[in-house]
Amino acid sequence: MKGAVELKGVGKSFGETRVLEDVDLEIRPGEFFSLLGPSGSGKTTTLRIIAGLETATEGTVTLSGKDATLLPPGDRDVAMVFQSYALYPHMTVFDNIAFPLRMIRTPAAEIADAVRAAAARVRIDHLLERRPGQLSGGQQQRCALARAIVRKPALFLLDEPLSNLDAKLRVETRVELKRLQRSLDVTAVYVTHDQEEAMSLSDRMAIFMDGRIVQTGSPEDVFSRPATVQVAAFLGNPPMNVLPAHLSAGKAVVGSTTLDLPRFGALGEREVVLGIRPSEVTLGAAGVPATVTLCEVLGDEVILDLDLGGLLLRVKSPGRKRIPEGERVLAGIDPERLHVFDRASGARLD
Amino acid sequence: MSPQQRLTLVEKPERRFALTLVAPGVLVLAVTTTFPLVFLLWQSLQNINLAMPGMERFVGADNYVRMWGDARFWAAFAFTIIYSGVTVSLQLVIGLGMALVILQIPRAQWAFRMAAILPIVLAPVVAGLFWRSLMLTPDFGIVDFASRSLGLGSHNWLGDPTLARVSVIAIHTWQWTPFVFLYMLAALAALPADLYEAARIDRASAWRRFVHITLPLIRPAIVVVVILRITVALSAFAAIYAATGGGPGTVTEIINLYAYRVSFVELSLGYGAAAAVVLLVLTMLVAGLLFRIRR
Amino acid sequence: MTSRRLRTLALMAVGACLLAIWTVPILLAVITSLKDEKEVLAYPPTLWFTPTLKAFDAVLFGPTNILGDLATSLIVAIATTVLTIVIAVPAAYAFARLKLPGRKPLGFYVLATQLVPPIGLIIPYFLILNRIGWMDSYRGLVLIYMTFSLPFAIWLLVSYFEDIPREMEEAALIDRASRWQALWHVVLPQARGAIAVTVIFVFLNAWNEFLFAVVLGGANVRPVTVSMYNYINTEQTQWAQLAAAALMAMLPVIVLGLAAQKHIVNGLTAGAVKGVGRR
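Scoring rules and cut-offs
- Residues numbered from 1 in each chain as written.
- Chains lettered and ligands numbered in written order.
- Predicted model: local features only at pLDDT ≥ 70, side-chain atom pairs only at ≥ 80, totals over all residues.
- Helix = DSSP H or I, 4+ residues; strand = E, 2+ residues; numbered from the N terminus.
- Rg over C-alpha atoms; globule rule 2.2 N^0.38 Å.
- Buried ≥ 20, exposed ≤ 12 C-beta atoms within 10 Å, placed from the backbone.
- Contact = placed C-beta atoms within 7 Å.
- Domains from an automatic or database assignment.
- Nonpolar A, V, L, I, M, F, W, Y, C, P; charged D, E, K, R; others polar.
- Pairing = 2+ DSSP bridges.
- Axes fitted to C-alpha atoms, helices over the stretch in contact; angles between N-to-C directions.
- Left-handed = near helix turned anticlockwise from the far one by under 90°.
- Parallel < 35°, antiparallel > 145°, perpendicular 65-115°, else oblique.
- Expected span 1.5 Å × (residues − 1).
- Arc of directions from axis to C-beta.

1. A closer look at the overall build of chain A
Phase 1 of the analysis: On a plain count of helices and strands, chain A comes out with 8 helices and 19 strands.
Phase 2 of the analysis: Projecting the C-alpha coordinates of chain A onto the three principal axes gives extents of approximately 75 × 45 × 35 Å.

Next up, the structure:
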């Protein structure tokens, strides 16, 4: 039970503005759980509600089995790493890390041991006498981490902790973070707008759009079976192709092409949106005729923009050869790989 | 529990903490400003003669009525407006102009900053005394010496009514222009350089650049500095007192000085209180107006 | 000479003139204070003379010396500064950062107290202090000095407090600090610069105050701004001594001003940078 998080019916308004609506979350102990979504979707607000920095306007927050809805942050046994790290610039790294322990009057000897252990864990034990201003971005981030883990909290909250690092460092630190969480066996709630980050780190994730959770599940779940068009278009790089189509009697009319989709016969006649991932379109001997309008060579793969009777189809294809613009190709779309969404609501239909 | 009740419950400790922190300050202010002001109002409705204590009489609005017909009061009122208006305008024009000039000579800025600090840290009473003695005294003051050397002859800079007014305004302007200078320098230095680059690429002349880009951007800073300087000009006292004492006669009296003299020289405290009330109302009105502009 | 060079030279000339105008009175005072009284009255005014410290001697050690008044100014200024800071810092923090009930009206009130012309307070103070026997006393004067230093200090500090990132306090609260601990350990150390600037300004204003000092002080409590008037007599003003006294009186604030000029410019212009460029 320690480290479990449960949000039931949580809503939040700031004055007249409604920021969160009907948020239900269930996070299991030891899980690495991400809150993913575009800017302004409510994920950071949700994290702050879990931390106690904001109070939910409606709904309840339960931490480790106890009602924490009205508890102040200091009583919740949570630790948080902020996007800006929020290190205390006038204190040494040692004092920064020691701060949470000093606040509850831990004896000095214990503090020294705990601080050194935490610092060693994130490999900054050689920097303890420096000030945050003298550290690099990556080192500052690890200092913030050390301050969070030194108190052995039940819950670890992270608000886009990697967004201030350069791309390469981000990927490296990502791996370290996951390892750290595993070795500490602590529940982590991680906010990010970077879907690749969320996919690589999480055991499960909740996807936020416009203040609501639109889907919860493991990375595999959300990737292979996105619940709405928005989610589908949000995940993956490049994002999923979304093509408006008219479905009737098992045949979909996409622009000037007709696709035979007996699988969706039961759906009758309706306006739909078809989704297919760029990596699941095959260029070869069979398929729908299309013209290449743009070719990006990425090294091990190429990304092609195809003109499919007026519609844009993006394809990611292994290979290193540039395919010239204007060339006609055949785009193979496997009906088994297609996603179908209702055009009006965006909800998944299959 | 309703959302409102919930929020109130959670925020209670913070609100209590905030009130505790603010309480001493508000208490001191209430005791030292609000209470005396109420007392001032009360005093303005009385006839108080310091030479005859214990003989105070309630006279209602008598003091105000008398002031309405008092030429000396109106002269002080007029001069207050002129004094504040002229000195603040001069401070702004000269201060801003200097800031624009000095901005172009970054290497000399430190010297100007040091020179600017000197008049500002000087006590206004000392500024008044220095000008009165060293600058403006006929026969040995430097201004007088300069004017003689330039063939303009010696003048009674503080004794001639018109010249006295000019001198008093000059002293205030001398002391506070550096403030405007420093303020505007900081405001100008904070402007993003790329705006000017873009304008230069668009071949705008220096004057147009100033009017269309600089001026609108520093408008907020100008308004703030004007508010600050006007409130100081309205309540100026020590420099004028030191330089002319309000004279010759009463020509350099601003309402501030007028109230002081009436109260402590002519010992008519109730009447002086009424004058002070008028000044208070005037100050509030002007400040209110300027704040409205600021929005 | 190129037109650019010419322009720069012209600008420098103008600048030099203004520089002169600002520094001349003080330089003159220095020169005058080093002259013998007879020398002072010489016409045309002499620039070359044999300097003498007679004036300073009289001013500092003579029968009507200002040494005691310098001490008085120091006591009053320090007491005012300490009291003001102790009260203003927590208040400013509450305004800037906390959910203060009645924040807007209270803030307005503090602002409004700054607009009260001193003469409006002197008149009632005169009567009140007389009645309670606090006239010509340190506690009376210091309390009254707070009327202008407190709102100013709060106003100045609030703008600085608003610049401290909120997240640091939030991090402290999550790390189990109480609000007092967060204020003391995290916020105040950040505000050291701001407090320094405020101290300088409060001290400066208290030291230079004249009107309150002359009306509400007296023989016992006579700050140095008032003592200068001793040197102005109806028959024969001692110019050199006057200059010397004024210089001595202003020495602390001039030294403070020049030494802390960065802080002073910073404090003066705290509003300037923020007010700029809002399109």
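2. Considering the overall build of chain B
Phase 1 of the analysis: Within chain B, the secondary structure is distributed over 12 helices and 2 strands.
Phase 2 of the analysis: Mapped from its N terminus to its C terminus, chain B presents α and β elements in the order α-β-β-α-α-α-α-α-α-α-α-α-α-α.
Phase 3 of the analysis: Rg of the C-alpha trace for chain B: 25 Å, well past the compact-globule value of 19 Å for 295 residues, more than 25% over.
Phase 4 of the analysis: On the principal axes, the C-alpha backbone points of chain B span a range of 85 × 75 × 30 Å.
Phase 5 of the analysis: By residue count, 43% of the 295 residues in chain B fall in the buried class.
Phase 6 of the analysis: Long-range contacts, defined as pairs at least 24 residues apart, comprise 67% of the intrachain contacts of chain B with a sequence gap of at least 6.

3. Description of the domain arrangement of chain B
All names here are of chain B.
Phase 1 of the analysis: Partitioning chain B into structural domains gives domain 1 (3-44) and domain 2 (62-294).
Phase 2 of the analysis: One C-alpha centre belongs to domain 1, the other to domain 2; they are set 35 Å apart.
Phase 3 of the analysis: Of the residues assigned to the side of domain 1 that touches domain 2, the class counts are 2 nonpolar, 2 polar and no charged.

4. Focus on the interface of chain C and chain B
Phase 1 of the analysis: Taken together, the 78 residues of chain C in the interface contact 84 residues of chain B.
Phase 2 of the analysis: Top contributing element to the side of chain C that touches chain B by residue count: helix H1 (residues 3-33) of chain C, with 14 residues.
Phase 3 of the analysis: Tallied by class, the residues present in the side of chain C that touches chain B amount to 61 nonpolar, 14 polar and 3 charged.

5. What about the interface of chain B and chain A?
Phase 1 of the analysis: Each side of the interface is counted separately: chain B has 5 residues, and chain A has 4 residues.
Phase 2 of the analysis: When its residues are assigned to classes, the side of chain B that touches chain A shows 4 nonpolar, no polar and 1 charged.

6. A word on unusual backbone geometry
All names here are of chain A.
Phase 1 of the analysis: A cis geometry characterises the amide bond from Asn237 onward to Pro238, with omega recorded as 0°.
Phase 2 of the analysis: When you line up the elements, Pro238 lands in the loop between helix H8 (229-234) and strand E11 (241-248).
Phase 3 of the analysis: The backbone phi angle of Asp185 is positive, close to 55°, even though this residue is not glycine.
Phase 4 of the analysis: Exposure remark for Asp185: the 9 C-beta atoms within 10 Å place this residue in the exposed category.
Phase 5 of the analysis: Positive phi is not limited to glycine here, since Ala249 has a value of about 50°.
Phase 6 of the analysis: Its location among the elements puts Ala249 in the loop between E11 and strand E12 (251-254).

7. What about the sheet that holds strand E4 (residues 58-63) of chain A?
All names here are of chain A.
Phase 1 of the analysis: Strand order in the open sheet made by the 4 strands is E2-E1-E4-E5, with antiparallel pairing throughout. Since the sheet does not close on itself, it has two edges, and those belong to strand E2 (17-27) and strand E5 (66-67), each with one partner.
Phase 2 of the analysis: As paired elements, strand E1 (residues 5-14) and E4 share 5 bridges and run antiparallel to each other. Across the sheet, the residue bridging to Lys8 is Thr60, located in E4.

8. Quick word on the packing of helix H4 (residues 109-121) of chain B against helix H13 (residues 239-259) of chain C
Phase 1 of the analysis: Contact pair H4(B) / H13(C): the axes reach a minimum separation of 9 Å and the direction vectors enclose 145°. For the crossing formed where H4(B) meets H13(C), the hand is right-handed. Residues B:Met114, B:Ile117, B:Leu118 and B:Val121 of H4(B) form the contact with H13(C), whose own contacting residues are C:Val253, C:Ile254, C:Gly257 and C:Leu258.
Phase 2 of the analysis: The residue makeup of the contact of H4(B) with H13(C), split by class, is 7 nonpolar, 1 polar and no charged.

9. Considering the domain arrangement of chain A
Phase 1 of the analysis: With domains assigned, chain A is organised as domain 1 (5-227) and domain 2 (241-342).
Phase 2 of the analysis: Summarising the inter-unit geometry, the C-alpha centres of domain 1 of chain A and domain 2 of chain A are found 39 Å apart.

10. Brief notes about the pairing of strand E10 (residues 212-217) of chain A
Within a regular strand, the side chains alternate between the two sheet faces.
All names here are of chain A.
Phase 1 of the analysis: Strand direction decides the pairing type here: strand E9 (residues 204-209) and E10, joined by 5 bridges, are antiparallel. Residue pairing across strands places Met205 opposite Gly217, the latter belonging to E10.
Phase 2 of the analysis: Joining the antiparallel neighbours E9 and E10 is a turn of 2 residues, in which Asp210 adopts a positive phi near 50°.

11. Concerning the packing of H4(B) against helix H14 (residues 261-268) of chain C
The relative placement of two packed helices comes down to the angle between their axes together with the axis-to-axis distance.
Phase 1 of the analysis: Between H4(B) and H14(C), the shortest axis-to-axis distance is 11 Å and the interhelical angle comes to 75°. In terms of their interaxial angle, H4(B) and H14(C) are classed as roughly perpendicular. Residue-level inspection shows B:Arg113, B:Met114 and B:Ile117 of H4(B) in contact with H14(C), the latter providing C:Gln261, C:Ile264 and C:Val265.
Phase 2 of the analysis: Among the residues making up the contact of H4(B) with H14(C), the classes are represented as 4 nonpolar, 1 polar and 1 charged.

12. A short note on helix H3 (residues 108-121) of chain A
Residue and element names in this part refer to chain A.
Phase 1 of the analysis: End to end, H3 covers 20 Å across 14 residues, agreeing with the expected 20 Å (1.5 Å per residue, within 8%).
Phase 2 of the analysis: Of the residues making up H3, those classed as buried are Ile111, Ala114, Val115, Ala118 and Ala119. For H3, the buried positions fall inside an angular range of 130° around the axis, keeping them on one side. Away from its buried face, by an angle of more than 90 degrees, H3 presents the exposed residues Ala109, Glu110, Asp113 and Ala120.
Phase 3 of the analysis: Of the surrounding secondary structure, the elements contacted by the buried residues of H3 are helix H2 (93-103) and helix H4 (137-149).
Phase 4 of the analysis: One or two positions beyond H3, positive phi appears at Arg123, with a value near 60°.

13. Regarding the environment of A:Arg348
Residue and element names in this part refer to chain A.
Phase 1 of the analysis: Inspection of the secondary structure assignment puts Arg348 in the segment after strand E19 (339-342).
Phase 2 of the analysis: Accessibility expressed as a C-beta count within 10 Å gives 18 for Arg348, which makes it partly exposed.
Phase 3 of the analysis: Taking the C-alpha atoms as reference points, Arg348 and Ala227, 121 residues apart in sequence, are found 5.3 Å from one another.

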